[in-house]
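# Topology and contacts: notes
Residue strings, one per chain:
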Amino acid sequence: GVVTGVIPGLDTITYTLYGHQTATKIIRVLGTAGLGTISGSHSVCAGSTIALSTTIPGGTWNSSGAGIATVSASGVVTGVSPGNDTVFYTVAGTCGTGTVPYGISVVTSPVAGTLSGPTSVCTSATISLASTATGGTWSASNSSATVAGGVVSGVTAGTDTIFYSVTNVCGSTVASAVISINPIPVAGAISGSSSVCVGSTTTLSATVAGGIWSLSSSSIASVAGGVVSALSAGTDTVFYMVTNVCGSAIAHFIVTVIPMPVAGTIAGASSICAGSTTTFTTSISGGTWTVSNTAATVSGGIVTGISAGTDTIFYTVTNTCGSATDGAIITINPLPVAGTVSGSSTICVGSTTTLSATVSGGVWSVSSSSIASVSGGVVTALSAGTDTVFYTVTSICGSAEARSVINIIPMPFAGTISGSTGICAGSTTTLTATGSGGVWSVSSSAIASVSGGVVVALSAGVDTVFYNVTNSCGTASAHIIVTITPLPVAGTVSGATNVCVGSSDTLTTSTVGGVWLSSNPALATISTGIMTGVSTGADTIWYIVSNSCGNDTAFTPITILDAPTAGSIAGPGNVCVGSSITLSSSTTGGTWSSSSSRVTLSGGTINGISAGSATITYTVVNICGAANVTRVISIDPLPDAGTITGTDTICEATTTTMTDPASGGSWNSSNSAIATVAATGLVTGVSAGSVNISYSATNTCGTLSALSPLQVKALADCPNEIKIISSDANTELTISPNPNTGIFVIEVPSRNSDVLISITDAAGKTVKTLNISNINQLKVPMDMTKVAAGVYMVRVEVDGRVWRKKIVVM
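Residues numbered from 1 in each chain as written. Predicted model: local features only at pLDDT ≥ 70, side-chain atom pairs only at ≥ 80, totals over all residues. Heavy atoms only, no water.

### Thoughts on the overall build of the chain
- Scanning the chain for helices and strands turns up zero helices and 88 strands.
- Computed over C-alpha atoms, the radius of gyration of the chain comes to 66 Å, more than 25% over the 28 Å expected from 2.2 N^0.38 for 810 residues, which places it beyond the range of a compact globule.
- For the chain, the spread of C-alpha atoms along the three principal axes comes to 175 × 125 × 35 Å.
- Considering only contacts in the chain between residues 6 or more positions apart, those separated by 24 or more positions represent 50%.
- Of the accessible surface of the chain, which amounts to about 40900 Å², a share of 55% is contributed by carbon and sulfur atoms.
- Each charge class in the chain can be summarised by its mean position, and for the 17 positive and 28 negative side chains these summaries are 36 Å apart. (Helix = DSSP H or I, 4+ residues; strand = E, 2+ residues; numbered from the N terminus. Rg over C-alpha atoms; globule rule 2.2 N^0.38 Å. Contact = heavy atoms within 4.5 Å. Areas by Shrake-Rupley, 256 points an atom, 1.4 Å probe, with all protein chains shown as cover. Lys, Arg positive; Asp, Glu negative; His and termini not counted. Charge placed at Lys NZ, Arg CZ, Asp CG, Glu CD.)

Structure below.
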């Protein structure tokens, strides 16, 4: 019965008689001294007070005695002078005496000091202010200026007040300074005319008043009050400067002084022939050339005579200040005119023709005296060819010439025809004639045709080719006889294009008299149109017809085939439902088929549809027969995980059973620290949290899992319950945790039995009863929210046996 204190706290001492009758007593184990804790402010202003409190009453208060702070018997601290002090609280208890220290800081009222520094600042500039005090904060009264760390930045023109505030627990004080924000000078913009003529003036204006006008060059212009006077040609810059305490601003404006125009003096010829040109010059550039009438034209100083007469050439120089012009007279002389020559343009060799001119006074001549001659307009033809007859009229502006081209035609000459007189049908031969300029023709257009001496043989027979030369002086003719021989024709080959090894087939042709050949007798042979297969491959059969005009061939390609073979099938022997496998054959060109709809085929790709088996056939067919090979494929089903049924929420230390219609699978918990699951589906809550309970089924086609989310609630989240757990392994009644706030777990020493539970208070009054039939891993609610904190007796009766235990509700 001797109780020894180990650590501070509450404990229950239990006395048990006969194994089930008990008496209990709650014991508080104290520390060496119940000192508690001090609460309250750690700072106080000099001359002010603060109140401290403690969680353990009955102690005494005192200070360190440094004269910085005092403390009354009730814990009221008075600030005496600035500094740090310590207040002590002493408690005497049954286990000894202890003291708790508590630090106190005594603070004086704040002092902002005075501000020093400039009293004005320009916009976009800064100044620095300083205070005789430290630890304060800077601020501005409006947005005309900003301040940071004592640096004041001008924002907009005006005034602003800068504040320096010092604050502590005893209050705040403020120092201030008024600052003027001056604007940066602005010169604005200059407007007005940007050009002026020499000797004239123009007035400029500025958008800002109070400035001073000036120029970059006093030799080009002068300025007074914005009035610019042009002195000499050139470019000058006008400046307008505005000045204040924050500096100067300058606007500028470029003015161009334009000189008065000068045309200079024109120099050039005084006369020109019509149709000719002459160049006029001037001492001044940049002007424009014009004429007074249409007798001449001018462009860039180049004068062109148009018609006889006189004209005046003008040169004008113009600018914004006016125009200046100089002029010169020019005479345009007419060109000589030869008129036109008329008469016959064709004459035979040895004949004459007379030409006439529309203008008199000219001279006749010819370009070639060996072809023709002319006298007084009479032309005599000397030899075949072309000659030009000229009629020339001359004046001071040159000579004019009229001309007429005369064609002297020779008497026609056909000569003789030479060339091959034998030709194959469909071919050509070229004939030549010693005469020139003739026309070719034939006596029969059905047998041959001719063009430019080239004879085209159309059909077998005999034809006459003529060569006729004709001109205005008559016609001459020559002829030659040609013979056309027909071409050989092989016709077309028809019949089978395939033949099996060891077999024969017959080919035919539309013509006779030809010879049959095989391009590769090792593959196939042919005789009088009968072809025989020797070995597999591709061959060509030819039919050749010949005559004096050459050879003609007809052919047909053939394939020599052997009996087909299906080879062997390679690939997996089973496929899962919903999956695919690919089979292959050692031969190509075959087709795949299945004996069952449990699979579908795409070439050699097998797609599993439903469980079972199917026979896959690979068939190769040609004209020599058919061959096939088979393979039995097993279609395996996918695993079935079923669907989990059961609760989605349990509490710690409780269980629930999950079920699944599928068999042969395994149960699993995603986090066994939250909940565990047995092979039977029995789930036990371990700790609060979320977890997934899964049931997995596995076969050769993989693993499939069904999931059921489960929330495990903490005991604190299962409020106002007494949880009843039965266990055959326990022979005593246990209640835990005890004491607590009202959530208890009672473990009874038997299962599958009726249980009667009653709870009474310290006065013996029953506050709760519960009758449970056939207990087996139950969680039974029992509302304890209306039960006051204290000590209660729990009575549990199972199978006629009674257990009693005290519980403490805190």
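### Let's talk about the packing of aromatic side chains
- Throughout the structure, instances matching the rule amount to ten aromatic pairs.
- An angle of 50 degrees between the planes, with centres 4.7 Å apart, marks the rings of Trp289 and Tyr315 as tilted. In this pair, Trp289 is assigned in strand E34 (residues 288–291) and Tyr315 in strand E37 (residues 309–319), connecting sequence segments 26 residues apart. In terms of burial, Trp289 and Tyr315 fall into one category: buried.
- Ring geometry for Trp516 versus Tyr543: centroids 4.8 Å apart, planes at 55 degrees, classification tilted. (Phe/Tyr/Trp six-rings, centres within 6.5 Å; stacked < 30°, edge-to-face > 60°. Buried < 20%, exposed > 50% of the residue type's maximum accessible area, 1.4 Å probe, protein only.)

### Quick word on the pattern of salt bridges
- Scanning all chains against the criterion turns up two salt bridges.
- One salt bridge in this structure joins Arg403 and Glu401, with 2.4 Å as the shortest N-O distance.
- Linking Arg795 and Glu797 is a salt bridge whose minimum nitrogen-to-oxygen distance equals 3.2 Å. (Salt bridge = Lys/Arg side-chain N within 4 Å of Asp/Glu carboxyl O.)

### A word on the nonpolar core
- One finds Ile417, Leu431, Trp440, Val465 and Ile484 to be the most contacted residues of the largest nonpolar core, which totals 19 residues.
- Among the secondary structure elements, those contributing two or more residues to this core are strand E53 (448–451), strand E54 (454–457), strand E55 (461–471) and strand E56 (474–485).
- If one sorts the elements of this core by residue count, E56 sits on top with five residues.
- Core analysis: the second largest hydrophobic core is formed by 18 residues, Ala230, Val242, Phe253 and Val257 among them. (Core = buried A, V, L, I, M, F, W, Y, C linked by side-chain atoms within 4.5 Å.)

### Some details on the pairing of strand E44 (residues 372–375)
- Side chains of E44 alternate between two faces, with Ala372 and Val374 buried and Ser373 and Ser375 left unburied.
- Note that E44 and strand E45 (residues 378–381) share four bridges and pair antiparallel. Its bridge partner being in E45, Val374 is matched across the sheet by Val379.
- Linking E44 to E45, which pair antiparallel, is a turn of two residues; within it Gly376 sits at a positive phi near 55 degrees. (Pairing = 2+ DSSP bridges.)

### Focus on the confidence of the model for the chain
- Mean pLDDT over the chain stands at 87; residues scoring 70 or higher make up 93%.
- Throughout residues 777–781 the model reports pLDDT below 50, and contacts reaching past four residues in sequence, or to other chains, amount to 18 contacts. (pLDDT = per-residue confidence, 0-100.)

### Observations concerning the environment of Asn668
- Structurally, Asn668 is set in strand E76 (residues 666–669).
- Taking the C-alpha atoms as reference points, Asn668 and Thr320, 348 residues apart in sequence, are found 102 Å from one another.
- When neighbours within four sequence positions are excluded, Asn668 is seen to be in contact with Val677, Asn692, Ile693 and Ser694.

### Description of the sheet that holds strand E40 (residues 346–348)
- As summarised here, the arrangement of the four strands in space is E40-E47-E46-E43, forming an open sheet in which the pairing is mixed. With one partner strand each, in any of the chains shown, E40 and strand E43 (363–366) form the two edges of the open sheet. Direction aside, neighbouring strands of the sheet carry axes that sit 30 degrees apart on average.
- With eleven bridges connecting them, strand E46 (residues 385–395) and strand E47 (residues 398–409) associate as antiparallel partners. Each residue of the ladder has a partner; that of Val389, found in E47, is Ser404. (Axes fitted to C-alpha atoms, helices over the stretch in contact; angles between N-to-C directions.)

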